[in-house]
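Structural characterization, general
What follows is the residue order along each chain.
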Amino acid sequence: MQSLQIGFSINEILFLATLATGTCWVAWRLKLRRMTEPPAKKPLWVSFGSELFVVVALMSTCRIAVADWPKVPSGSMEPTLRVGDYLLVNHLAYGPRLPFTNTAIEFGQPERGDVVVFRHPANVSEFYVKRLVGLPGDRVSFKKGVVSVNGEPFDAHLVGDGAAEEDRGQWMVRETAAGASRTLKINPFVQGRLPLNLQDPGLAAHCTSESSAAWQCMVPAGRYLMLGDNRDNSSDSRVFGFVPHEEVYGKAVRVLMNFSDLKRAWTAL
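Residues numbered from 1 in each chain as written. Predicted model: local features only at pLDDT ≥ 70, side-chain atom pairs only at ≥ 80, totals over all residues. Heavy atoms only, no water.

In spatial order, the strands read β7-β8-β9; together these three strands make up an open sheet with antiparallel pairing. Both outer strands of the open sheet, β7 (155-161) and β9 (180-186), are each paired with one neighbouring strand and no more. Here the average twist between neighbouring strands, direction ignored, is 25°. For β7 and strand β8 (residues 171-177), the ladder comprises six bridges, and the chain directions are antiparallel. Across the sheet, residue H157 finds its bridge partner in β8, namely R174. (Pairing = 2+ DSSP bridges. Helix = DSSP H or I, 4+ residues; strand = E, 2+ residues; numbered from the N terminus. Axes fitted to C-alpha atoms, helices over the stretch in contact; angles between N-to-C directions.)

What follows is the structure in structure tokens.
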């Protein structure tokens, strides 16, 4: 049985700030009731506490229950996502999760092909964004950087070399698996030869590996298999194993902004 891990991120910080400012707001209202007239000068704890309550509460509610806007720190999802992209993460797609818990108010379920934001299984205070390629019960086969699901033939074709500076010397490959299509980046000198971490108990129990570039996994119940679109430069389920359902945080649906490339604003994912 997996032990419960409590994450501590910006959402938990905002939640605590909401509790603190809310306490100040209530305390000030109670104090005002006992006064014959308001003081000429408000105490410092009122100015920086109770008066910030509404702002902090709105920010906390928005980030936890509706949408979030994290920044992409690495190139593991290139070419779909670029370093510096600010993402619009829709919490209503799957349902918001309450701070300090793995409790979710579920509205929907993740689907194959979704770009998913989740808490890292080994460090739940850290958020990752990857492509969901395998649902519970799926048999995912991997060969030279591309996947097939549930015995379907591998469906991938080269669409050209990378044009962006960070893509030079890389292959752009269009992959279709289980009805979902995406463009991948594959290093022609690596082609998927990043070995499975079979020291991970979950991968060891549910996966077999013919070689570093060819393996197969049966995704267990309550877990997802996540891969980066930059298949030869991504720390994903091949490294940290399957992602538990309770660590799924939201669905990335658009690029809000990238200040290094304004043309990427509002790009659908």
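Next comes the rest of the write-up.
Judged by how many residues are buried, strand β3 (residues 115-120) sits mostly within the fold: six of six residues are covered. Of the pairings in the sheet, the one linking β3 to strand β4 (residues 123-134) comprises six bridges and is antiparallel in character. In the strand pairing of β4, V116 is matched with K130. Hairpin connection, β3 to β4: the antiparallel pair is bridged by two residues. The pairing of β3 with strand β14 (residues 248-257) spans three bridges and is antiparallel. (Buried < 20%, exposed > 50% of the residue type's maximum accessible area, 1.4 Å probe, protein only.)

Our focus in this paragraph is the pattern of salt bridges. Under the definition given, this model contains 13 salt bridges. Of the charged contacts, one joins K251 and D114 as a salt bridge, the two residues approaching to 3.7 Å between their closest N and O atoms. Here the residue K251 occupies a position in strand β14, and D114 occupies one in the loop between β2 (86-90) and β3, the gap between them amounting to 137 residues. Looking at K251, the relative accessible area reads 26%, which means it is partly exposed. Classification of D114 by relative accessible area gives buried; the value is 8%. One continuous salt-bridge network, built from bridges that share partners, spans E78, R82, E166, D167 and K185. (Salt bridge = Lys/Arg side-chain N within 4 Å of Asp/Glu carboxyl O.)

Now for the state of the cysteines. The term disulfide refers to a covalent linkage connecting the sulfur atoms of a pair of cysteines. Applying the stated criterion across every chain, the model contains one disulfide. One disulfide in the model links C207 with C217; its S-S distance is 2.0 Å. Its S-S torsion of about 110° marks the bond between C207 and C217 as right-handed, since a negative value means left-handed. Of the two residues, C207 sits in strand β10 (residues 207-211) while C217 sits in strand β11 (residues 214-218), which places them ten residues apart along the sequence. Of the two residues, C207 and C217, both sit in the buried class. (Disulfide = S-S within 2.5 Å.)

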